[in-house]
Amino acid sequence: MKLVYFAWVRERIGTASEEVSTGARTVAELVEDLRRRSPGHALAFADISALRVAVDEEVSDFSAPIEGAREVAFFPPMTGG
Amino acid sequence: MAVRVQEADFDIAAEMAAMTAGRPGIGAVVSFTGLVRGEAGGEPISGMTLEHWPGVTERALAAIEAEARARWPLEDVLIIHRHGALAPGDRIVLVLTASAHRQAAFAAAEFLMDYLKTRAPFWKKESTPDGGRWVDAREADAAAAARWQDAPARGGAGQ
């Protein structure tokens, strides 16, 4: 599964994207896995209320299933305009 | 109908002229331009970098445009949003809405800006004397977008 990160999530983790294999069934379970990957991951995922998630480019929530998903993206709330 | 995400600046008058040329049904064009402020929270900022999600950003803007067109009788819509490094005073975003009468154009322009602030995948990072700082999403922006959720479309003919 491909993970993509934006803004301070990308900066804390230190990469814009990475490939992971996971047995996680939901976004929340995936986050639990990711927190253990590095101190940067732990910092990025310390407070998921500050994060938004998209599964296969669709904005989703942390209870969403990820079985069969190709890509999960994590980012802070959008600040366009 | 157009959505463009680009690093380059834009020319408001040229875009408006291109939109309205040969379109006698257009009686009103509203233009909104967002600029980079030179301060944030009372502190000076020397610039701003806008990150976005290529491909997904364009789709998000197109969806927001489609929603505006479903709500108001619009003759045309243009959204241009810049990304990359910007300096204070630089233009960030242009919204043009064209309709037969002004009210639909005014309302749709406001709607488009409220929605794209919270629904298009852009992230702003300000350069301050203390270093870079990611801009937090504002409650006021979320509230401004939310007020359209139950609002019926306004603005037909005769205004």
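All values reported here derive from a predicted model rather than from experimental measurement. (Residues numbered from 1 in each chain as written. Chains lettered and ligands numbered in written order. Predicted model: local features only at pLDDT ≥ 70, side-chain atom pairs only at ≥ 80, totals over all residues. Heavy atoms only, no water.)

Student: Could you clarify how one ought to interpret the overall build of chain B in this entry?
Tutor: Looking only at helices and strands, chain B has 4 helices and 10 strands in total. The N-to-C order of helical and strand elements in chain B reads β-α-β-β-β-β-α-β-β-β-α-β-β-α. Since a compact globule built from 159 residues should have a radius of gyration of about 15 Å, the 16 Å found for chain B is in line with a globular shape. Its C-alpha atoms put chain B at 55 × 35 × 30 Å along the principal axes. Expressed as a percentage of its 159 residues, the buried residues of chain B come to 44%. Looking at chain B alone, contacts between residues at least 24 apart form 78% of all its contacts between residues at least 6 apart. As displayed, chain B has an accessible area near 7500 Å², and 53% of this comes from carbon and sulfur atoms. (Helix = DSSP H or I, 4+ residues; strand = E, 2+ residues; numbered from the N terminus. Rg over C-alpha atoms; globule rule 2.2 N^0.38 Å. Buried < 20%, exposed > 50% of the residue type's maximum accessible area, 1.4 Å probe, protein only. Contact = heavy atoms within 4.5 Å. Areas by Shrake-Rupley, 256 points an atom, 1.4 Å probe, with all protein chains shown as cover.)

Student: Can you walk me through helix 2 (residues 56-71) of chain B in this structure?
Tutor: A turn of α-helix holds 3.6 residues, and therefore any two residues three or four places apart point the same way. Residue and element names in this part refer to chain B. With 16 residues, helix 2 extends 23 Å between its outermost C-alpha atoms, agreeing within 8% with the 22 Å of an ideal straight helix rising 1.5 Å per residue. Among the residues making up helix 2, those that are buried are V56, T57, A60, L61, I64, E65, A68 and R71. Packed against the buried residues of helix 2 are strand 1 (2-6), strand 5 (47-52), strand 6 (74-82), helix 3 (102-119) and strand 9 (122-128). (Expected span 1.5 Å × (residues − 1).)

Student: Can you walk me through the packing of aromatic side chains in this structure?
Tutor: What characterises a pair of aromatic rings is the spacing of the ring centres plus the angle enclosed by the ring planes. Taken as a whole, this structure holds 13 aromatic pairs over all chains when the rule is applied. Ring centres of F6 of chain A and W123 of chain B lie 4.8 Å apart, and the angle between their planes is 15 degrees; on these two criteria the pair is classed as stacked. Of this pair, F6 of chain A sits in the loop between strand 1 (2-5) and helix 1 (7-13) while W123 of chain B sits in strand 9, placing the two residues on different chains. The class for W123 of chain B is buried, based on a relative accessible area of 1%. Geometrically, the ring pair formed by F111 of chain B and W148 of chain B is edge-to-face, given 5.5 Å between the ring centres and 90 degrees between the ring planes. Pair noted here: F111 of chain B is in helix 3 and W148 of chain B is in the segment after helix 4 (139-146), with a separation of 37 residues, a long-range link. F111 of chain B sits in the buried class, given a relative accessible area of 0%. Linked through ring pairs, Y5, F45, F62 and F74 of chain A together constitute an aromatic cluster. Over the ring of Y115 of chain B we find R119 of chain B, and its NZ or CZ is 4.0 Å from the ring centre. (Phe/Tyr/Trp six-rings, centres within 6.5 Å; stacked < 30°, edge-to-face > 60°. Lys NZ or Arg CZ within 6 Å of the ring centre and 35° of its normal.)

Student: Before we go on, may I ask you to explain the confidence of the model for chain B in this structure?
Tutor: Per-residue pLDDT for chain B has a mean of 93; in total, 94% of the residues score no lower than 70. The complex prediction reports pTM at 0.92, with the ipTM value standing at 0.94. (pLDDT = per-residue confidence, 0-100.)

Student: Would you take a moment to explain the packing of helix 3 of chain B against helix 4 of chain B for this structure?
Tutor: Geometrically, a packed helix pair is captured by the angle between its two axes and the distance between the axes. All names here are of chain B. At a minimum axis separation of 8 Å, helix 3 and helix 4 run at an interaxial angle of 125 degrees. The angle between helix 3 and helix 4 falls in the class oblique. Seen along the crossing, helix 3 lies across helix 4 with a hand that is left-handed. Together, D114, Y115, K117 and T118 of helix 3 and D141, A142, A144 and A145 of helix 4 make up the contact between the two elements. Along the lines of polarity and charge, the residues of the contact of helix 3 with helix 4 split into 4 nonpolar, 1 polar and 3 charged. (Axes fitted to C-alpha atoms, helices over the stretch in contact; angles between N-to-C directions. Parallel < 35°, antiparallel > 145°, perpendicular 65-115°, else oblique. Left-handed = near helix turned anticlockwise from the far one by under 90°. Nonpolar A, V, L, I, M, F, W, Y, C, P; charged D, E, K, R; others polar.)

Student: Even after reading the chapter, I still don't get the interface of chain A and chain B, so can you show me in this structure?
Tutor: Where interface size is given, it is often the accessible area lost as the parts come together that is meant. In this complex, chain A contributes 18 residues to the contact, which on the side of chain B involves 23 residues. Summed over both partners, the interface of chain A with chain B comes to about 1600 Å²; 58% of that surface belongs to carbon and sulfur atoms. Contact with chain B buries area across many residues of chain A, yet M78, T79 and G81 of chain A alone supply 42% of it, more than any other trio. Between E11 of chain A and K125 of chain B there is a salt bridge; the shortest N-O distance is 2.5 Å. Counting every contact that joins chain A to chain B gives 12 residue pairs in polar contact (both at pLDDT 80 or more). Of all elements in the fold, only strand 1, helix 1 and strand 5 (71-75) of chain A reach the threshold of two or more residues within the side of chain A that touches chain B. Looking at the side of chain A that touches chain B element by element, the count peaks at 4 residues for helix 1 of chain A. Considered class by class, the residues forming the side of chain A that touches chain B number 11 nonpolar, 3 polar and 4 charged. (Buried area = accessible area lost by both parts, 1.4 Å probe. Salt bridge = Lys/Arg side-chain N within 4 Å of Asp/Glu carboxyl O. Polar contact = N/O pair within 3.5 Å; in protein donor to acceptor, adjacent residues only side chain to side chain.)

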